[in-house]
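Spelled out, the chains give:
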Amino acid sequence: MVNALFENSSESIEFFVNSDNKKIIDIDPRTTLLSFLRENGYTGTKYGCGEGGCGACTVVIAEYDKNRKLINYRSANSCLLPVCSLNRKQIITIEGIGNPESPNPIQKRFAEGNASQCGFCTPGIVMSFYALLKLNPNPTRHDIEESFDGNLCRCTGYRPILESAKTFASDCCSSQESLCSTESSKSSCKSAFLNEYKPYDPSIDRPFPTKFMSNDYKEMPLVLKQDNYLWIEPTCLEELLKAKAAYPNAKIIGGNTEIGVEMNIRSFDYSVFINISNMIETKSVEIVELDGNKSIEIGANITLSSLIESVKNLKKNSPLHHNRLYDSLLSNLKWFASRQIRNFATLAGNIVTGSPISDLSPILMANNAILTLMSESQGPRQIPIRNFFKGYRSNDLKSDEILLKISIELPNNELTFIKAYKQAKRKDDDIAITNACIRVNLNKMEENNYVIDELNISYGGVAPTTIYLSKLENKFKNSKWSDEKLLEAILDSILDQVKFSYSVPGGMPTYRRCLSVSFFTRFWYQVIKELGIKTDNLDAKNLDNLEEIERDITRGIQDIGLINSNEHALGTTNAHLSALKQVTGVARYVDDIPKQNQELYGALVMSTKAHALIKSVDASKALSLDGVVDFITHKDLKHNQFGAILKDEEILASNEVFFAGQPIGLIVAESKKLAKKASLLVKVDYEPLEEIITIEDAIKKNSFFSFKREIKKGDFDENTFVVEDGNKDEFVFEGTCHIGGQEHFYLETQGCLVIPKNEDNELEIISSTQNPSEVQKEVAIALGIPMNRVVCRVKRLGGGFGGKETRGGSIAAIASAAALKLQRPIRFILDRDVDMLITGTRHPFLGKFKIRITKDGFFKALYLEIYNNAGYSMDLSCSVCDRAVTHCDNVYNFPKIHVFGRLAKTNIASNTAFRGFGGPQGMMITEMMISEISEKLGLDPNEIRQKNFYKENDITHFSMPIEDWFIPEMWNTLMESSQFKKQRQEIDSFNANNKWKKRGLAIVPSKFGLSFTTRFLNKAGALVHIYTDGTILLSHGGVEMGQGLHTKMIQIAANTLKIPIDKIYIAETSTDKVSNTSPTAASVSSDMYGMAVMDACQKLSERIKPYREKNPNGNIGDWALAAYFDRVNLSADGYYQTPDLTYEWETNMGRLYFYFTNGVAVSSVELDLLTGDHTILRSDIIMDIGKSINYSIDIGQIEGAFIQGVGWCTIEELLVQTNNNSAFTRGPGNYKIPGFRDIPIEFNVKILRDKVYKHLKTVKSSKGIGEPPLFLGASVFFALRDAVVAARKSNGVTSPLTEFPSPSTAEILRLACEDSLVKKSKVEPKVIRNNLGDQVEEKLWAIRP
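Residues numbered from 1 in each chain as written. Predicted model: local features only at pLDDT ≥ 70, side-chain atom pairs only at ≥ 80, totals over all residues. Heavy atoms only, no water.

By size, the foremost hydrophobic cluster in this structure holds 214 residues, and its most contacted members are F110, F129, F148 and M924. If you look at the next biggest cluster of nonpolar residues, it comprises 49 residues, including V440, L486, I533 and L543. (Core = buried A, V, L, I, M, F, W, Y, C linked by side-chain atoms within 4.5 Å. Buried < 20%, exposed > 50% of the residue type's maximum accessible area, 1.4 Å probe, protein only.)

Glancing now at the sheet that holds strand β36 (residues 826–829). One open sheet accounts for 8 strands, arranged β25-β29-β23-β36-β33-β34-β35-β44; its pairing is mixed. Every interior strand has two partners, whereas the edge strands, β25 (628–632) and β44 (1069–1070), have only one. In the packing of helix α21 (residues 772–783) onto the sheet, the strands contacted are β34 (763–767), β35 (790–794) and β44, and the crossing angle to β35 comes to about 150°. Helix α22 (residues 808–822) contacts β23 (600–606), β25, β29 (663–669), β33 (751–756), β34 and β36 of the sheet and is inclined by roughly 25° relative to β33. (Pairing = 2+ DSSP bridges. Helix = DSSP H or I, 4+ residues; strand = E, 2+ residues; numbered from the N terminus. Contact = heavy atoms within 4.5 Å. Axes fitted to C-alpha atoms, helices over the stretch in contact; angles between N-to-C directions.)

A few words on the packing of aromatic side chains. In this description, a pair of aromatic rings is defined by centroid distance and the angle of the planes. According to the stated counting rule, one finds 40 aromatic pairs in the structure shown. Ring geometry for F658 versus Y872: centroids 5.9 Å apart, planes at 10°, classification stacked. Remark: Y872 occurs in the loop between β38 (859–871) and α24 (877–885) and F658 occurs in the loop between β28 (656–657) and β29; sequence separation between them is 214 residues. Take Y872: its relative accessible area is 7%, and that puts it in the buried class. Grouped by ring-pair contacts, the aromatic residues F110, F129, F148, Y158, F168, Y200 and F1236 constitute a single cluster. Above the ring of Y47, the side-chain terminus of K672 is found at 5.4 Å from the ring centroid. (Phe/Tyr/Trp six-rings, centres within 6.5 Å; stacked < 30°, edge-to-face > 60°. Lys NZ or Arg CZ within 6 Å of the ring centre and 35° of its normal.)

Glancing now at the packing of α21 against α22. Their axes nearest at 8 Å, the elements α21 and α22 cross at an angle of 45°. Taken together, the axes of α21 and α22 lie oblique to each other. The two elements α21 and α22 cross, and the hand of that crossing is right-handed. The segment α21 lies against α22, with V775, E778, V779, A782 and L783 engaging G808, G809, A812, A813, S816, A817 and L820. Counted by class, the contact of α21 with α22 contains 8 nonpolar, 3 polar and 1 charged residues. (Parallel < 35°, antiparallel > 145°, perpendicular 65-115°, else oblique. Left-handed = near helix turned anticlockwise from the far one by under 90°. Nonpolar A, V, L, I, M, F, W, Y, C, P; charged D, E, K, R; others polar.)

Reading across from one edge, β31-β39-β38-β37-β32 is the order of the 5 strands in this open sheet, with mixed pairing throughout. One side of each edge strand has no neighbouring strand; the edge strands of this open sheet are β31 (704–713) and β32 (730–739). Neighbour-to-neighbour, the strand axes of this sheet turn through a mean angle of 10°, independent of strand direction. With 10 bridges connecting them, β32 and strand β37 (residues 845–854) associate as antiparallel partners. Bridge assignment links E730 to a residue of β37, and that residue is T854. Running over the sheet, α24 touches β31, β37, β38 and β39 (897–905) and is turned about 155° from β39.

This next bit is on the side chain of S1164. Tracing the chain through its elements places S1164 in strand β46 (residues 1155–1168). Classification of S1164 as buried rests on a relative accessible area of 2%. Contacts of S1164, omitting those with residues within four sequence positions, involve Q983, I987, G1000, L1001, T1175, I1176, L1177, R1178 and A1279.

The next subject is helix α27 (residues 967–977). Buried within α27 we find I967, M970, W971, L974 and M975. Seen end-on, α27 carries its buried residues on one side only, within an arc spanning 135°. Looking at the buried residues of α27, the elements they touch are α26 (941–947), α28 (980–993), β40 (997–1010), β46 and β47 (1174–1184). The first or second residue beyond α27 is Q979, which carries a positive phi of 55°. (Arc of directions from axis to C-beta.)

All right, on to the packing of helix α29 (residues 1045–1057) against helix α30 (residues 1085–1110) then. At their nearest, the axes of α29 and α30 sit 8 Å apart, and the two run at 30° to each other. It follows from the interaxial angle that α29 and α30 lie roughly parallel. For the pair α29 and α30, the sense of crossing is right-handed. Listed contacts from α30 to L1045, K1048, M1049, I1052, A1053, T1056 and L1057 of α29 are S1085, S1086, Y1089, G1090, V1093, M1094, C1097, Q1098, L1100, S1101 and R1108. Of the residues belonging to the contact of α29 with α30, the class tally is 10 nonpolar, 6 polar and 2 charged.

Secondary-structure assignment places S482 in the loop between β21 (467–468) and α15 (484–497). The residues touching S482, leaving out its near neighbours within four places in the chain, are N448, W524, I528, I533 and T535.

Before going further, it helps to spend a moment on unusual backbone geometry. Across the junction of S1302 and P1303, the peptide omega takes the value 5°, indicating a cis bond. Within the secondary structure, P1303 sits in the loop between α33 (1274–1290) and α34 (1306–1312). Even without being glycine, Y158 reaches a positive phi, approximately 75°. Even without being glycine, N761 reaches a positive phi, approximately 60°.

Here is the structure:
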């Protein structure tokens, strides 16, 4: 049939990767460009998510446009783009634009601007910016800030990326807002860079292949076939219709942005693909006129980026009423996914997929768009889009039809108003929660009197399909638009049609209903404002600030003071030493290691039940597939138990599963794709058991681990919380605080490569772990072999944040079991959705407090119960609880405090370490409490904070003295530098004059203890070799994961040996170099390994001292060679154990932490009261980091931690589906970390300088910095709370805000305002019958664990 389709066709594709010509005949049509690139050695392009949501896989696609005689450059998500669609194109990867020896100007500026930490996301970010410069070599700052909407970074906090990029801005230094660099601050000033760097010159870029620019090329259809998979690429409409008639069930590929996700993430398998992305037809945008009415006619195959440009061009010469339609299209297109997606996704694809949250269908529906469908047999037919959708993701398109074009009649007068709206969890690159388009045609009766002719309202996200409220079309005909009674009537009518059950799929029933009426409220007032209607009853405030929040260009100052270090190589601002390798894609991570001889791939078989007995496991169907080698189960392990503290987990489940996603076995196959396919064929039968998900559930069921932690300071009795009658000076308050968890979302997922050595059971494990010694140990125990047969190596991590501290051991053990059994290398890299499903998160917490406080705000006594959701096993939950219990005081002195900690045992993945390790949750509970009780007392919360600050030499509730204490001074400094009082006055004025937006302001302090709370972990080792050429190989037990640890260790070695930094090299972290190491965690690695490196280098310095004295003009090579000839040992080990740590939990005596790293942050926000959207206007931070080893790296850690903290308490919401108690948030599609647009508009960081530290015994009085700044991100949470309180007051709500959980998502913020729209939108749970016939209360579709 295929050969009969076309008279002539091609059976091969040709394209270039950079300058490498690729001609391919035999290829699987399902192969993505990312897979092709990585399998062919272009490993600078990274796998981050597989769904086009993180940008790590970004490349640039160059294509010759023979009609316009130019080359078009587009950024693309290579994880979604089929390689078969790239015929006669050039793919430009990170390797193709520069290398460490000759970097592209972008790469050089990003490297030296500290725009890369772990480096895993960096190639994708560089390529997105490269695409911008190829299209526009002279972008403005605004252009630049818009260019990264499809990229995520978990390390940097984005500011240094933006500032490095803005050195290319055409308006950088011309703006009065520009901040020029000084000795004490870094900024985005272009002139500071151009003195040193050459400007960007597009002519030096890799040229486009001239062979693809020939006019002699004859286009012909493309047909590729492999096994049962077929790729057809027609060149014209006639060929397309013929192919669709022959293969009616074929998937039509435009951008592949939906089908790619279905295949990558949902494991859909399609056999026939018809690619239309290269067809010129059906891509035009035209204005047509029929019977005197003009319409815009859009070819269905147009990409969304092309549609944006076409509509923008139409706007230039169009009347106002036409532009209202164009503006509504542009409004939602701006927020449609990402630039990479828009570059390839088509209008037809967005319509035909039938998503109920399509950003464009509501616009088309409200404007009564007409779809032209076409088939070979029946020709064209037209259907209104209002009649097109038949149900959830189903439509009226027949199997042999295509969508040809979309026609929208343009408004014919200036009294037609059209607006489109969208609300999502995050502004950039996010699917809608609810969206809408509202159109009204008005007739003018007299001045200030306009009546409705027709009202068209369409919503997405409120039903299984996009809906059109046809009943409202003429219901209010001839009603006066400015009549507020009309507004109420329309709102009630909307709610009559937008109805949900409490358990509606997608969740958020009240919020989604509320958005439907909030959108219309905004529209109603916007139209009144545009018409200039004035009436006596209309409050002028209702017409101000109606538009959605728009951000200004980001800016800020990083004030490190004047650098005046007396040290040889310390106290500098050196860039990360791997930065150039990272920005050029040369830096290698585990999955970048070339394929090994006879390598196999692993894919997990996981539980689909949250708690059940395993009745049987049948892998026969999987094993019957050609290329499937084995199925590894618990029977292949000598010892199946593991755990960081208690051995209470099974590596592979044997008889019982305890959470949805728990590993049961590993399919081993010749390819990753085959292993994944086979894993889905393994059949597991279960017997369900009771499931417990939340802390509240655990409390009701008394489901706890035996661990308890209790600390008491002061005497407590039955009267401690009893206020005597007549005592009006003291109060007792009680409350509850809910704090959600957080997904690590390191850009590099967990995984390993295990290589058996075929002798004595030796194994080499290359792992993405923070804890190589633990991986070595867990593998040895699991396989029953000595630890000295197992070597674990780590080059670098693409982020860790604690998530790779303990969970990598079982992953490596599973792969090692397969490697040892089969004697073949095993590559086992978790996909993003699997990683998020099985590896655990930051612990959700519940705090219950009872506090006695004076009317003036002085603390008297606190009783606090702290619960964390440990998940199904212990992992590190007890230590996380310990840190929460010892950080709940934050910076405050409670005369009496009794803290009690418990671990809830639930049926979710075991929660684990995460940056801050319980400290942020402990501090958050106290700060939440202060905010709540300040409202009840009518006091300023900052007054309460200041009155209760610790003072120097105070004793904490865990018996540690407060030393080197600068918090009061830092508080006052920041109050002044942030202009707190001025901001407060301006915000109060803004709030008094604005109805729809409120602003908030908060200041939050932080005290973070540095040391492992488990004493034996506070140790470190190092090994240093000096070679006779004067170069030095340094090894230590810490892992580089973006925090600059290796850079600091090299600085310390160079400083101790008094030699140049470039003489020293760190190859990797390996258990055969430094043994029995502690995990790289707790923010103490620079302290501990720095001291160990110093110890080793001091030994070597003493050994070469005589040769240095004999030859003072020589260099390290001369001295080393002389020492070698004298048979001096030029290798030395170093060791360090943190002193003075004497704390005993049983007695609550001794020193628990070596010191504290402290900080204060001020943040101000603006909140949209109609949607819950917000933006951070400004954040100011001051940190006490001692005497920094490297200020640039430490600033990066502060900013990155702060933004991660912002995400934790604002938009990062973990959800579990209640129908199966499985994690819903499994990727960037439904779990949102902060993006470029989520950072403060003004972001200022200041380092406390010139202090004397009497008690600090670290490397040159430096301090650990990785975790301490994270909690300061909560300043944004409390600023949002402040804004919500202002909104509640303006809404007449007098009760204190007591239910305000973290994270404060848009849903939480909107509903907390408690205005009339919220109240009338309320959805209450009903009593229903469950599967057993019992009456139960309806549950939300998804809940926070």
